[in-house]
Amino acid sequence: MRDSGEFRLVTRRKKRVSRVRNIYHTSTILTTNDDDDGNLNINYETLFGKLLEAEVELKNSSFADNVFHYLKDSLTALNSSGICDILCYGLGHFSTHRSSKYQLALLLSLKKHYNPQIYVYDPVFSSDEIKFLKQLDFNVITINEECKRIIGDNVTLVYMPHCSVHLINNFLYANWCKNLNKCILLTNSFSIVADDLREKNKSSPIDYVFRIRPYVTEITLRNDFVYEEVFNDLSIHTFLEQNINAIPESFWSTREKPCYQDIDIDYLTAKQTKEIDAKNCNKQDEI
């Protein structure tokens, strides 16, 4: 059942599961058939069947019911009738990992519901996974933008399930202006991220997450899906016009490129991706 009422304030949850999943994925393995060139030898028909089964299971869940209910509320608050684009980062190896499969199933459900253009990227996608996504009529981004893509004037849903908080910070940096009220972020809870850092007395250069947090309307998604690791600690974040308009212009003018020097980051940088691609090309040339 859905929670009644409108927007709910974020509340602390007692039980937490590790949230970040980008380079290393620890979810249950479905099948693993890695070969030397990094492909996963996907049987497209089998994978499509598993994805449709996952989509049906998800659509019959109260979690999906809540997602669509609160997205509808968010669109109403943004005075929008629908979602034009969905930008998705960090799905991981959906052909072999259970969490990624269900996260992709949600993306497919969102596509069918809103009929938007879908743009996806993860540096770990194999060439077979990329082909599969293209068969789903998704637009696969070809370079590692480190989540710095600038959104347009139409409402965009930014879906980043369990991505690094640094990637969320990168997205905010790239779109650091009043146009943020044109996007909805379905990603790691800003509140939980901030509270975790405070509890551990850890500093992290995620300045844009902290700076925008007071102006975000965050809706917690109750984690009642059968596999709790798939969607745990996700929230819907919106930037309502009245909140954005209350921010002084000087707030937006302070915009320096994020610097993560001398700290551990949990995502593949553009430089690392280029090095991996070059290494894979050399392997192909040797065959």
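These lines cover the structure that appears in this document, whether it is placed above or below.

About the thresholds
Residues numbered from 1 in each chain as written. Predicted model: local features only at pLDDT ≥ 70, side-chain atom pairs only at ≥ 80, totals over all residues. Heavy atoms only, no water. Helix = DSSP H or I, 4+ residues; strand = E, 2+ residues; numbered from the N terminus. Expected span 1.5 Å × (residues − 1). Buried < 20%, exposed > 50% of the residue type's maximum accessible area, 1.4 Å probe, protein only. Arc of directions from axis to C-beta. Contact = heavy atoms within 4.5 Å. Polar contact = N/O pair within 3.5 Å; in protein donor to acceptor, adjacent residues only side chain to side chain. Phe/Tyr/Trp six-rings, centres within 6.5 Å; stacked < 30°, edge-to-face > 60°. Salt bridge = Lys/Arg side-chain N within 4 Å of Asp/Glu carboxyl O. Pairing = 2+ DSSP bridges. Core = buried A, V, L, I, M, F, W, Y, C linked by side-chain atoms within 4.5 Å.

**As for helix 1 (residues 44-59)**
In an α-helix there are 3.6 residues to a turn, and that puts residues three or four apart on one side. Taking 1.5 Å of rise per residue, the 16 residues of helix 1 would be expected to cover 22 Å, and the 22 Å separating its terminal C-alpha atoms lies within 8% of that figure. Restricting attention to buried positions, one finds in helix 1 the residues Leu-47, Leu-51, Ala-54, Glu-55 and Leu-58. Summarising the axial view, the buried residues of helix 1 lie within an arc of 100 degrees, below the 170-degree limit, and thus occupy one face. Among the exposed residues of helix 1, those oriented more than 90 degrees off its buried face are Glu-45 and Glu-53. Packing partners of the buried residues in helix 1 comprise helix 2 (62-77), helix 3 (98-114), helix 4 (127-135) and helix 8 (228-231). For helix 1, the N-terminal cap is Asn-43; the gap from its side-chain oxygen to the backbone nitrogen of Glu-45 is 3.2 Å.

**Re the packing of aromatic side chains**
Within the structure shown, the criterion is met by 15 aromatic pairs. A centroid spacing of 5.8 Å and a plane angle of 75 degrees characterise the contact between Phe-94 and Phe-125, whose relative ring orientation is edge-to-face. With a gap of 31 residues between them, Phe-94 in the loop between strand 1 (85-89) and helix 3 and Phe-125 in the loop between strand 2 (117-121) and helix 4 connect regions that are remote in the sequence. Residue class for Phe-94 comes out buried when judged on its relative accessible area of 1%.

**Side note on the pattern of salt bridges**
Enumeration according to the criterion identifies eight salt bridges in this entry. In this structure, Glu-145 engages Arg-149 in a salt bridge whose closest nitrogen and oxygen atoms are separated by 2.9 Å. The exposure class assigned to Glu-145 is buried, which follows from its relative accessible area of 18%. With a relative accessible area of 28%, Arg-149 lands in the partly exposed category. Among the ionic pairs, Arg-222 bridges to Asp-224, the shortest N-O distance being 3.3 Å. Here Asp-224 falls in the partly exposed class, since its relative accessible area comes to 29%.

**Notes on the pairing of strand 6 (residues 217-220)**
Working note: regular strand, side chains alternate between the two faces of the sheet. Here strand 6 shows a buried face lined by Thr-217 and Ile-219 and a second buried face lined by Glu-218 and Thr-220. Sheet topology places strand 6 next to strand 7 (residues 234-238); four bridges connect them, and they run antiparallel. Bridge pairing links Glu-218 to His-237 in strand 7.

**Let's talk about the nonpolar core**
Counting 46 residues, the largest nonpolar core has Leu-107 and Phe-231 as the members making the most contacts within it. Sort the elements by how many residues they give to this core and helix 3 lands first, with eight residues. Sequence-distant contacts of Leu-107, defined by excluding residues within four places in its chain, comprise Ile-86, Cys-88, Leu-91, Ile-118, Val-120, Phe-138 and Tyr-159. In terms of nonpolar packing, the next biggest core, distinct from the first, is built from 34 residues, Ile-141, Leu-172, Val-209 and Ile-212 among them.

**Let's talk about unusual backbone geometry**
For Cys-147, which is not glycine, the phi torsion reads 65 degrees and is therefore positive. Within the secondary structure, Cys-147 is located in the loop between strand 3 (139-140) and strand 4 (156-160). The backbone phi angle of Asp-233 is positive, close to 60 degrees, even though this residue is not glycine. Position of Asp-233 relative to the elements: it lies in the loop between helix 8 and strand 7.

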